[in-house]
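# Commentary on secondary and tertiary structure
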Amino acid sequence: GSFIKVLNKILLIQKTLPLPIGGMYSIDLTFNTLKKNLIRLGLSKSQFQYVSDQVISISLSRNDMFELKYQHGDFVPRNIISNRNGELSIIDNSDDVGVGFFLTDISTLILSILAGEPNKSNPDKIAGMLYSNQFLKMKNQVKSLLILSEEELITGLMIGLVERLRVCEIEARQDVTNYWM
């Protein structure tokens, strides 16, 4: 389906773009953003500690997950265009980011669709996508392509969402409040 095509496109871009050798995503960015937004996110201190423990555990066991990768910065449906041949183009990337955590764009895409983005799209079309198990297929595709366990994927998607929140704060974007809070 179309989600799989989009997923494959972003993963292909991440594999082919030259990035700083040895650059690593800092989990401190995740911790600082979480701490700053505990109340907004509705997290208790014990939930924050649990998330922190998960992030630390995965960063120790899967260091490769934290290598810097291409990050679009605003990977939402309205920025994905399909031409007549079915080829995808991705437009309107963020000027303030270029590299970051590898699941940020995938997390952003999933959450933006669940939140009704683009808000001007046909709600029946979105509902059809949700009911057709595309998200389960997408999750399984990410797990398969990146060889991630369920726990690694869920924690990675959470880190990606926190990174998206951080990027929105850097850019002073309003969509983080309008769509996600």
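As the structure is a computational prediction, the values presented were derived from the model and not from experiment.

## With respect to the side chain of Thr155
- You can see Thr155 is positioned in helix α8 (residues 150–171).
- Filtering out sequence-adjacent residues up to four positions away, Thr155 remains in contact with Gln54, Val55 and Ile58.

## Here we look at the environment of Lys139
- Its place among the elements puts Lys139 in helix α7 (residues 134–146).
- For the pair Lys139 and Leu7, spaced 132 residues apart in the sequence, the C-alpha separation amounts to 9.8 Å.
- Contact partners of Lys139, with chain neighbours within four places excluded, come to Glu150 and Leu153.

## Digging into the side chain of Asn79
- Mapped onto the fold, Asn79 is located in the loop between β1 (69–70) and β2 (80–82).
- Overall, the relative accessible area of 3% leaves Asn79 in the buried class.
- Asn79 has contacts with His72, Asp74, Ser89, Ile90, Ile91 and Asp92, leaving out every residue within four places of it along the chain.

## Some words on unusual backbone geometry
- In this structure, Ile147 is a non-glycine residue whose phi angle is positive, near 50 degrees.
- Assignment of secondary structure puts Ile147 in the loop between α7 and α8.

## With respect to the nonpolar core
- Counting 37 residues, the largest nonpolar core has Phe66, Phe101, Leu103 and Ile106 as its most contacted members.
- Among the secondary structure elements, those contributing two or more residues to this core are α1 (2–16), α2 (27–36), α4 (45–61), α5 (104–114), α7 and α8.
- Residue contributions to this core peak at six residues, all from α1.
- Setting aside its immediate chain neighbours within four residues, Phe101 contacts Tyr25, Met65, Phe66, Gln71, Gly156, Ile159 and Gly160.

Reading the values: the criteria
Here the residue index of a chain counts from 1 through its sequence in written order. With the structure being a predicted model, the display of local features is reserved for residues of pLDDT at least 70 and the display and counting of side-chain atom pairs for 80 or more, all residues being used for whole-chain, interface and lining totals. Side-chain numbers here rest on the full set of heavy atoms in the structure, without hydrogens or water. Numbering of helices and strands runs from the N terminus, with a helix taken as a DSSP run of H or I at least four residues long and a strand as a DSSP run of E at least two residues long. Pairs of residues are marked as contacts when any of their non-hydrogen atoms sit within 4.5 Å. Any residue under 20% of the maximum accessible area for its type is buried, any over 50% is exposed, and the rest in between are partly exposed; the area is computed with a 1.4 Å probe on protein chains only. In this description, a nonpolar core means a group of buried Ala, Val, Leu, Ile, Met, Phe, Trp, Tyr and Cys residues linked to one another through side-chain atoms lying within 4.5 Å.

Function cannot be read off these values alone, since they describe shape.
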